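Below, each chain spelled out in residue letters.
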Amino acid sequence: MVFFDWVGRRCIESLFYVIDLTYFLLRALSVWQPQRHVANRAVYSVFLDQLIMHGINAIAIISFLAVVVGISIASQLVYIIVSITGAKDLIEILARLVLSEAGPLITGVVMVGRSCSGIAVDLGNTKIAGEIEPLQYLGINVDDYFVLPRIVSIVISQVILALYFSAIMLMFGMFFSVMIYDLSAQESLKELLNLVTLDSLFRFMLKNILFGLIVGTVACFHGLSVTNSPTEVSEQMHKAVVLSIVFLFLVDSYFIIYTL
Amino acid sequence: MSNSTVKTLVAADEAIPSSTEKHLSFPVLSCQLQDSELTCLVGPHRSQLRAYLLMLAGISKPVQGKVEVLGQQVCQLDQAAWQKFRSQIGYLSGTSPLLSAQHALMNVMLPLLYHVNLSFRETADKARTLLAELDCHFEATMFPAQLNSYQRAQLALARALILDPSLLIMDVPFNDLGAKERHKMAELLGKYKSSRAVCMIGGLQYPRFLQQHANQIIFISEQKVLIFKGWKAFVESEDAEVQILLSVF
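This one's a predicted model, so the numbers in the text were calculated from it and none came from an experiment.

What counts and what doesn't
- Residues numbered from 1 in each chain as written.
- Chains lettered and ligands numbered in written order.
- Predicted model: local features only at pLDDT ≥ 70, side-chain atom pairs only at ≥ 80, totals over all residues.
- Heavy atoms only, no water.
- Helix = DSSP H or I, 4+ residues; strand = E, 2+ residues; numbered from the N terminus.
- Rg over C-alpha atoms; globule rule 2.2 N^0.38 Å.
- Buried < 20%, exposed > 50% of the residue type's maximum accessible area, 1.4 Å probe, protein only.
- Contact = heavy atoms within 4.5 Å.
- Areas by Shrake-Rupley, 256 points an atom, 1.4 Å probe, with all protein chains shown as cover.
- Buried area = accessible area lost by both parts, 1.4 Å probe.
- Salt bridge = Lys/Arg side-chain N within 4 Å of Asp/Glu carboxyl O.
- Polar contact = N/O pair within 3.5 Å; in protein donor to acceptor, adjacent residues only side chain to side chain.
- Nonpolar A, V, L, I, M, F, W, Y, C, P; charged D, E, K, R; others polar.
- Core = buried A, V, L, I, M, F, W, Y, C linked by side-chain atoms within 4.5 Å.
- Phe/Tyr/Trp six-rings, centres within 6.5 Å; stacked < 30°, edge-to-face > 60°.
- Lys NZ or Arg CZ within 6 Å of the ring centre and 35° of its normal.
- Pairing = 2+ DSSP bridges.

## A few points about the overall build of chain B
Point 1. Along chain B, the regular secondary structure elements total nine helices and 10 strands.
Point 2. What you see for chain B is a C-alpha radius of gyration of 18 Å, in line with the 18 Å of a compact globule of 249 residues.
Point 3. For chain B, the C-alpha atoms occupy an extent of roughly 55 × 45 × 40 Å along the three principal directions.
Point 4. The 249 residues of chain B split such that 54% are buried.
Point 5. For chain B, restricting intrachain contacts to residue pairs at least 6 apart in sequence, the fraction spanning at least 24 positions comes to 66%.
Point 6. When the accessible area of chain B is evaluated, it comes to approximately 11,000 Å², of which 49% is carbon and sulfur surface.

This is the structure we're talking about:
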């Protein structure tokens, strides 16, 4: 009985958490009202800072991971596929795995490790230090200045980095396959491009936008959930990282079921 | 100045502030804050004074009575109107720091960039001019953590004044300042008081400032609110609670 009680309570807590998180995101998005300047310069400068921090500064690690994962996954795949089917489905399986799974997911995990934790700690410390309150009193909206630029920059970074990651990973995967199995590079590329349909591209973009929204929203939500103790910063950061990863895999599972 | 030409910027009528401090009782306050005048809230409880300050600043709503700030009742404003309204009120806190992730110039520019659609260059020029007026002798690209407490206080004042507000609210402006720095800060505050209404708490750490500039001193305790016309009337008060408070300083 105690066990079911515990499970029930956890389910209700999780439901309320998702409602809180959705409300937080909708409230942040609602600052874009018709009377507001679209390019508010204060918000724009934060957005650029965040885009550099979470997008441009992540290019090096994403490139490295794309090359390494491209070669390692390709080598395993090539071995398995060739031993089962011969080389004929190699490119299709590689493209499907990279475009619909590995690219968005690995980029998402990197974003969680780099940006989600960074944003949660940054906002948590800013709140603890009392830096937010005087700005609110000067009429600066917290959602507008602190939350929205971070979420939007994470979404843009996730989409572009996932695209970049997938391209590099596919390129190295193909290069590896061509080198080992004497496939025609031109043929393989043509076959690969044929596999990229509008529908698959739309799914890829949608998935990455959702991933970005999850990482950005969870990070800001937990960063601003810090109330008055410095110990809460690390606590909220851990929660943000763990829950972001859980949500990423949940959304990913939904997409897998949807695309099967 | 005759009473007919004095502009009332804040009017509180039988108002009680909202507060999370449930163990304190809050007596009703009726007062007016007028243009070119400095009002100081004094009393034994810091959190109680802060609740009244936030109410007079239009930041929190009264739980009872009416408060009109710049001719508007705060509880009737929607989000957009509230933001516009806030841009007319400067806020300086001696305890809450500047944005540590932004350099000094950006900290000062921020309210102007957010509320006024000016270019970066125009905004930066305006901020630099204000910093020069406030006699700031440090690199504008330094971060708040690299500055001393007086320089940070100067920056906080510049940030509060950048939108040229008609009402300036100060929450312990002399916090963390040494004697010499307090004197310099008092000179700056006295200079900027002439064109706006100023309401502050925390002036008792530097009585000379109140002696020179305070036009109104509002004493607030759990039992009563007493309003004095200047420092002389305040120190000459025979009220026991006022005398106890003065003896502490």
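Now that the structure has been shown, we can carry on.
## Regarding the overall build of chain A
Point 1. Scanning chain A from terminus to terminus reveals nine helices and zero strands.
Point 2. Of the regular secondary structure in chain A, the N- to C-terminal order runs α-α-α-α-α-α-α-α-α.
Point 3. Viewed in the frame of its principal axes, chain A has a C-alpha envelope of about 65 × 55 × 35 Å.
Point 4. Here chain A holds 260 residues, and 44% of them are scored as buried.
Point 5. Within chain A, contacts between residues at least 6 apart in sequence are counted, and of these 86% link residues at least 24 apart.

## Focus on the interface of chain B and chain A
Point 1. Taken together, the contact pairs 29 residues of chain B with 25 residues of chain A.
Point 2. In total, chain B and chain A occlude about 2,300 Å² of area from one another, counting both sides; carbon and sulfur atoms represent 58% of this.
Point 3. Across the contact surface, chain B and chain A share one salt bridge.
Point 4. Here Glu 133 of chain A ties to Arg 50 of chain B by a salt bridge, and the two come within 3.2 Å at their closest N and O atoms.
Point 5. The tally of links from chain B across to chain A stands at 10 residue pairs in polar contact (both at pLDDT 80 or more).
Point 6. At the level of secondary structure, the elements contributing two or more residues to the side of chain B that touches chain A comprise helix 1 (46-56), helix 2 (79-86), strand 6 (89-93) and helix 3 (104-115) of chain B.
Point 7. Sort the elements by how many residues they give to the side of chain B that touches chain A and helix 3 of chain B lands first, with six residues.
Point 8. Looking at side-chain class alone, the side of chain B that touches chain A contains 16 nonpolar, 10 polar and three charged residues.

## Notes on the nonpolar core
Point 1. Counting residues in each nonpolar core, the largest one holds 120 residues, and the members touching the most others are Tyr 145 of chain A together with Leu 157, Phe 174, Met 185, Phe 209 and Phe 234 of chain B.
Point 2. Among all residues touching Phe 234 of chain B, those that are not within four sequence positions of it are Val 42, Leu 204, Ile 217, Phe 219, Phe 228, Val 242, Leu 245 and Leu 246 of chain B.
Point 3. Residues Leu 24, Phe 26, Cys 31 and Leu 53 of chain B belong to the second largest nonpolar core, which totals 37 residues.

## Some thoughts on the packing of aromatic side chains
Point 1. Under the definition given, this model contains 11 aromatic pairs over all chains.
Point 2. Summarising the aromatic geometry, the rings of Tyr 145 of chain A and Phe 146 of chain A are spaced 5.0 Å apart at their centres and angled 90° between planes, so their arrangement reads as edge-to-face. Both residues of the pair, Tyr 145 of chain A and Phe 146 of chain A, count as buried.
Point 3. Each residue in the set Tyr 17, Phe 24, Phe 221 and Phe 247 of chain A is aromatic and connected to the rest through ring pairs, giving one cluster.
Point 4. One residue, Arg 86 of chain B, lies across the ring of Trp 82 of chain B, its end atom 5.2 Å from the ring centre.

## Digging into the pairing of strand 1 (residues 8-17) of chain B
Residues and elements named next belong to chain B.
Point 1. In the sheet, strand 1 pairs with strand 2 (residues 29-34) via five bridges, with the strands oriented antiparallel. Note on strand 2: the bridge partner recorded for Thr 8 is Gln 34.
Point 2. Two elements, strand 1 and strand 4 (residues 62-69), share six bridges in a ladder whose sense is antiparallel. Note on strand 4: the bridge partner recorded for Ala 11 is Glu 68.

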